[in-house]
Amino acid sequence: MNKIAVTDAVKAVGGALIRRGADNFISGVKHDSRECGAGDLFVAIIGENMDGHQFIPQVVEKGCRTVLVSHEDGWAEAVGDVALNVILVEDTVYALGELAKYYLQTLDVLKIAVTGSVGKTSVRDMIYYVLREKYVCGRNLKNFNNAIGVPISIFQFDSSIQAVVLELGMNQFGEIDRLAEIVKPHIAVITNIGISHIENLGSRDGIFQAKMEITKHIAGRGEMKGGALVFPFDDEYLTKENTKGAYQQIVIGEDGRSEYIISSVDDFGLLGIQFTLEHQQESCRIKLSVPGRHNAVNAALAIAAGGLAGVTIEQAQQGLSKVELTGSRLKQLTNGRISVIDDTYNASPASMKSAMKVLEISESKGHKIAILGDMYELGAESKHQHFGIGLFARNLRIDTVIAIGEDAAQIAEGAEGGQVDVAYFKNKEAFYAKMGQFIGIGDIILVKGSRGMKMEKIVEKLLEI
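Looking at the sheet that holds strand 12 (residues 228-232)
In step 1: Ordered in space as 9-10-8-11-12-13-14-15-16, the nine strands form an open sheet in which the pairing is mixed. With partners counted over all chains shown, the strands left at the sheet margins are strand 9 (137-139) and strand 16 (282-288), one partner each. Ignoring strand direction, the axes of neighbouring strands in this sheet form an average angle of 20 degrees.
In step 2: The pairing of strand 11 (residues 187-190) with strand 12 spans three bridges and is parallel. When the sheet's bridge partners are listed, valine 189 is paired in strand 12 with valine 230.

Observations concerning the sheet that holds strand 21 (residues 421-425)
In step 1: The strand order 17-18-22-19-20-21 describes an open sheet built from six strands, whose pairing is mixed. The sheet terminates laterally at strand 17 (331-334) and strand 21, the two strands that pair on one side only. Ignoring strand direction, the axes of neighbouring strands in this sheet form an average angle of 20 degrees.
In step 2: As defined by bridge partners, strand 18 (residues 339-342) adjoins strand 22 (residues 444-448) across four bridges and the pair is classed as parallel. Residue valine 340 lies in a different strand from strand 22, and its bridge partner there is isoleucine 445.
In step 3: Helix 12 (residues 349-361) rests against strand 18, strand 19 (368-373) and strand 22 of the sheet, and its axis sits at about 165 degrees to strand 19.

A closer look at the pairing of strand 18
The side chains of a regular strand alternate, residue by residue, between the two faces of the sheet.
In step 1: Going residue by residue along strand 18, you find Ser339 and Ile341 tucked away on one face and Val340 and Asp342 tucked away on the opposite face as well.
In step 2: Across four bridges, the pairing between strand 17 and strand 18 is antiparallel. Considered in strand 18, the bridge of leucine 333 is made with valine 340.
In step 3: With antiparallel pairing between neighbouring strands as the criterion, strand 17 and strand 18 make up a hairpin whose turn holds four residues, including glycine 336 at a positive phi of roughly 90 degrees.

Reading the values: the criteria
Residues numbered from 1 in each chain as written. Predicted model: local features only at pLDDT ≥ 70, side-chain atom pairs only at ≥ 80, totals over all residues. Heavy atoms only, no water. Pairing = 2+ DSSP bridges. Helix = DSSP H or I, 4+ residues; strand = E, 2+ residues; numbered from the N terminus. Axes fitted to C-alpha atoms, helices over the stretch in contact; angles between N-to-C directions. Contact = heavy atoms within 4.5 Å. Buried < 20%, exposed > 50% of the residue type's maximum accessible area, 1.4 Å probe, protein only.

Pasting the structure below:
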């Protein structure tokens, strides 16, 4: 991070400097007191269960001399007369975003923002590797994609960075609007319109409206005078007519109406995929070591975003050959006795089906087993969608479906009557007690469920077998 003058920070957040310390600059921004030290600005955030203001004495003890606060209750006396910059604002989370917006505007960088129902992190990572073939590039820390994580990620960038790709997440109306306002992307990417967060947004129409909030803040840069929106054609929501604006539209699809045309997808299971990509009369074969047919679209989105940034398809191919996806996304693990496909980062109906298809075509010396947990935030659609996953599994060339969780009972019900064996457990502990009955040497096992299900614990147990 480049240094920010304390006085500039005060102006950027619209705050009041109610106490003046000796430090004139900040060289880092932290909201986790454990990571805070000399030169940092500590942002005291009031959460559901904890008020970050209570940690101010600790960060001061560690050498921090600038704090962003929304009140002085309980901590001001504890720090005594230490020379401390105290910036008072009404809402520290909003102020954090304002400071990040100001800071990002001081950097001369190409900005790409990615949102969508599923695939955001994968597409973000792919764009990052594509851009790295031409630019010094930055991206979100881990999966930090919310009103706190995006700003904190922005503060890791400095003047050496030439391009940034930022994932924007949401589960309510207005959240993409706020994050896009902070980033002001030159290129926006929408990966798809699914049903994740439908519990909060009411319908796919609502989800589409929420994702389209990103387009309000697309900014021009150089030859891209109005900026650009990149998306895969779905013939329902993501069409040129539905997404039109003052920006350029770049469409990924499977026919001649698209700027980038995908065809001839070969799926090699855990070994990855190959597909043909056509663009402006140029055709090439793209090889990707990341598993899953759906990643043909994700890779094409990355190539298209890179193309707008001046990265050739050849350069993009080189970048994609180096991709390492963040988190547990179709990651193969083994202990020498069994293989586990760890896809525990999160789950939606679309990603659940994609993962099961990867399991189906993967090689195994033993049985193919899918351990599937609850999918959250589906609202009134939950019962139908879980049952649909079971129906989908019925006729796959896999041996066993094990459903775990309250809602997953519908997965088990949907899978009954097909060609797969079905077992149901209300929780992980009940499964652990019977686990040995289902797992054998040479088996390959997919584990997937929503983040809150903590399905990675099952992966750990399996690898102990």
